[in-house]
Amino acid sequence: MTTDTPTRIQIAGTAGTAPYEVLVGRQLLGELPGLIGAAAQRVAVLHPEALAETGEAIRQDLADQGYEAIAIQLPNAEEAKTAEVAAYCWKALGQTGFTRTDVIVGVGGGATTDIAGFVAATWLRGVRWIAVPTTVLGMVDAAVGGKTGINTAEGKNLVGAFHPPAGVLCDLAALDSLPVNDYVSGLAEIIKAGFIADPEILELIERDPAAARTPTGPHTAELIERSIRVKAEVVSSDLKESGLREILNYGHTLAHAIEKNERYNWRHGAAVSVGMVFAAELGRLAGRLDDATADRHRTVLEAVGLPLTYRGDQWPRLLETMKVDKKSRGDLLRFIVLDGLAKPSVLEGPDPAVLLAAYGEISA
């Protein structure tokens, strides 16, 4: 489905932020200088250790085009999202003489773009940045929408800022070498977009689940583009999660608690998969969601190889973690549930017995 011409998805500017584009295609790095612009003198390329060669190649290419380009290597995955790593980046920017007209480029998965965006948001109270996500998860979720953040001992993404990028380059060629488990993990966010807004996504996956598990599948580009469009529509109308944007957290309240409980050794998509099954059971038990749609969660997630259960004895710990989740209001827990396919809504302060019963349905 991909062509030589990239697909351009517009993200509208809100709350005083500038609009930007998400490009989806192949061989997109030639677009980078245009996004950086002529006003920038320095560019910092933030990349994880696993992408050292890619980061250096981008740095060298930018240097060849006249920029003062530096590469800042970060730890892999969630280990990058700490205050210590942010401070390391700030030091590198300070030593380089980074000014407000200079640009940060984040190359990597969702954790890398999260920390790159956070560093950009906090350096000199905000400099421009560009996301170059290299995973499915990074393309459809983390790099789009302007939410940046780091983790603390108390939970995931509790420290952060809303700081949209100047552009996002989703080069599908980066997915060709992605390990299968990482690729499948990203499918959880795509499936989430199907349940909350675009059922065609679910139908594409259900037609050929095996093909959906690989970047060489016939619908890879369409699945990623559809997911980005779902998020684009939501964040264009609600940048700072004051209303509609909450629906993007479907499955995430329990997922973030699981990730913290596993010390971030679980892949985000695996945790979101379990979280969506839990949310479906919660919606069913609350009288919101029909049986067929609730059951469909299990069949589509299982078909692509995502997990459906978690350890039953961990409920008390998970419940305590969820109480400090960003979506809570005071002592009230809030969950996104479905009133039907593509009909997300908020369930606030559910009965503890209903919560426990829903968890019982996903307990291993």
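Preceding this section is the structure that the text describes.
Residues numbered from 1 in each chain as written. Predicted model: local features only at pLDDT ≥ 70, side-chain atom pairs only at ≥ 80, totals over all residues. Heavy atoms only, no water.

Observations concerning the overall build of the chain
What the chain contains, in helices and strands, is 14 helices and eleven strands. Taking 21 Å as the expected radius of gyration for a compact globule of 364 residues, we find that the chain reaches 20 Å, a close match to that expectation. Considering only C-alpha atoms, the chain reaches an extent of 60 × 45 × 35 Å along its principal axes. Relative to its 364 residues, the chain shows a buried fraction of 56%. Sequence-distant contacts, at least 24 apart, represent 74% of the contacts inside the chain between residues at least 6 apart. Carbon and sulfur atoms make up 51% of the accessible area of the chain, which amounts to about 14,500 Å² in all. Each charge class in the chain was averaged separately, 34 positive and 46 negative side chains, and the resulting centres sit 5 Å apart. (Helix = DSSP H or I, 4+ residues; strand = E, 2+ residues; numbered from the N terminus. Rg over C-alpha atoms; globule rule 2.2 N^0.38 Å. Buried < 20%, exposed > 50% of the residue type's maximum accessible area, 1.4 Å probe, protein only. Contact = heavy atoms within 4.5 Å. Areas by Shrake-Rupley, 256 points an atom, 1.4 Å probe, with all protein chains shown as cover. Lys, Arg positive; Asp, Glu negative; His and termini not counted. Charge placed at Lys NZ, Arg CZ, Asp CG, Glu CD.)

Describing the packing of aromatic side chains
Within this structure, the stated rule accounts for six aromatic pairs. Seen in terms of ring centroids, Phe278 and Trp315 are 6.0 Å apart; in terms of plane orientation they differ by 45°. Their pairing is tilted. Of this pair, Phe278 sits in helix H11 (residues 268-285) while Trp315 is found in helix H13 (residues 315-322), placing the two residues 37 residues apart along the sequence. You can call Trp315 buried: its relative accessible area is 8%. Grouped by ring-pair contacts, the aromatic residues Phe278, Trp315, Phe335 and Tyr359 constitute a single cluster. (Phe/Tyr/Trp six-rings, centres within 6.5 Å; stacked < 30°, edge-to-face > 60°.)

A few points about unusual backbone geometry
For Leu124, which is not a glycine, the phi torsion comes out positive at approximately 55°. Take Leu124: it is sitting in the loop between helix H4 (110-122) and strand S6 (128-133). On the accessibility criterion, Leu124 (35% relative accessible area) is partly exposed. With a phi angle near 60°, Ala342 is a residue other than glycine that sits in the positive phi range. Considering the arrangement of structural elements, one finds Ala342 in the loop between strand S10 (334-338) and strand S11 (344-348). Given the relative accessible area of 28%, Ala342 is considered partly exposed.

Section: helix H3 (residues 83-96)
Between its first and last C-alpha, H3 extends 20 Å over 14 residues, near the 20 Å set by a 1.5 Å rise per residue. Within H3 the residues assigned to the buried category are Val85, Ala86, Cys89, Ala92 and Leu93. Seen end-on, H3 carries its buried residues on one side only, within an arc spanning 120°. When the buried face of H3 is taken as reference, the exposed residues oriented beyond 90 degrees from it are Glu84, Lys91 and Gln95. Buried residues along H3 sit against strand S3 (42-48), strand S4 (68-74), strand S5 (103-108) and H4. (Expected span 1.5 Å × (residues − 1). Arc of directions from axis to C-beta.)

With respect to the pairing of S6
Buried residues dominate S6, accounting for five of its six residues. The pairing of S5 with S6 spans six bridges and is classified as parallel. Considered in S6, the bridge of Gly108 is made with Pro133. Between S5 and its parallel partner S6, the chain crosses via H4, and the hand of that crossover is right-handed. For S6 and strand S9 (residues 167-171), the ladder comprises two bridges, and the chain directions are parallel. Bridge pairing in S9 places Ile130 opposite Gly167. (Pairing = 2+ DSSP bridges. Right-handed = clockwise from strand over helix to strand, strands pointing away.)

Some words on the nonpolar core
Counting residues in hydrophobic clusters, the biggest one holds 95 residues, and the most contacted among them are Val22, Ile104, Ile191, Leu254 and Phe278. Filtering out sequence-adjacent residues up to four positions away, Phe278 remains in contact with Leu254, Trp315, Phe335, Leu355, Ala358, Tyr359 and Ile362. Counting residues in hydrophobic clusters, the runner-up holds 17 residues, among them Leu32, Ala40, Ile58 and Ala69. (Core = buried A, V, L, I, M, F, W, Y, C linked by side-chain atoms within 4.5 Å.)

Here we look at the pattern of salt bridges
When their charged atoms lie close together, side chains carrying opposite charge are able to pair. Evaluation of the coordinates by the stated rule reveals 26 salt bridges. Of the charged contacts, one joins Glu189 and Lys192 as a salt bridge, the two residues approaching to 2.8 Å between their closest N and O atoms. Taken together, the residues Glu189 and Lys192, both in helix H6 (residues 180-196) and three residues apart, mark about one turn of the helix. Here Glu189 and Lys192 have matching classes, each one buried. Residues joined by salt bridges that share partners form a network here, namely Glu78, Lys81, Asp114, Lys156 and Glu259. (Salt bridge = Lys/Arg side-chain N within 4 Å of Asp/Glu carboxyl O.)

Brief notes about the packing of helix H10 (residues 252-261) against H11
Running from amino to carboxyl end, H10 crosses H11 at an angle of 135°, the nearest separation of the two axes being 7 Å. Compared by their axis directions, H10 and H11 come out oblique. For H10 against H11, the interelement crossing comes out right-handed. Along the contact surface, H10 presents His252, Leu254, Ala255, His256, Ile258 and Glu259, while H11 presents His268, Ala271, Val272, Val274, Gly275 and Phe278. Across the contact of H10 with H11, the residue classes break down as seven nonpolar, four polar and one charged. (Axes fitted to C-alpha atoms, helices over the stretch in contact; angles between N-to-C directions. Parallel < 35°, antiparallel > 145°, perpendicular 65-115°, else oblique. Left-handed = near helix turned anticlockwise from the far one by under 90°. Nonpolar A, V, L, I, M, F, W, Y, C, P; charged D, E, K, R; others polar.)

Description of a nonpolar patch on the surface
Taken together, the side chains of Leu158, Val159 and Val324 define a hydrophobic patch exposed on the protein surface, amounting to about 210 Å² of accessible area. Looking at where Leu158 falls in the secondary structure, it is placed in strand S8 (residues 155-162). Classification of Leu158 as partly exposed rests on a relative accessible area of 33%. (Patch = residues over 30% accessible without salt bridge, like charges linked within 9 Å, V, L, I, M, F, W, Y side chains within 5 Å.)

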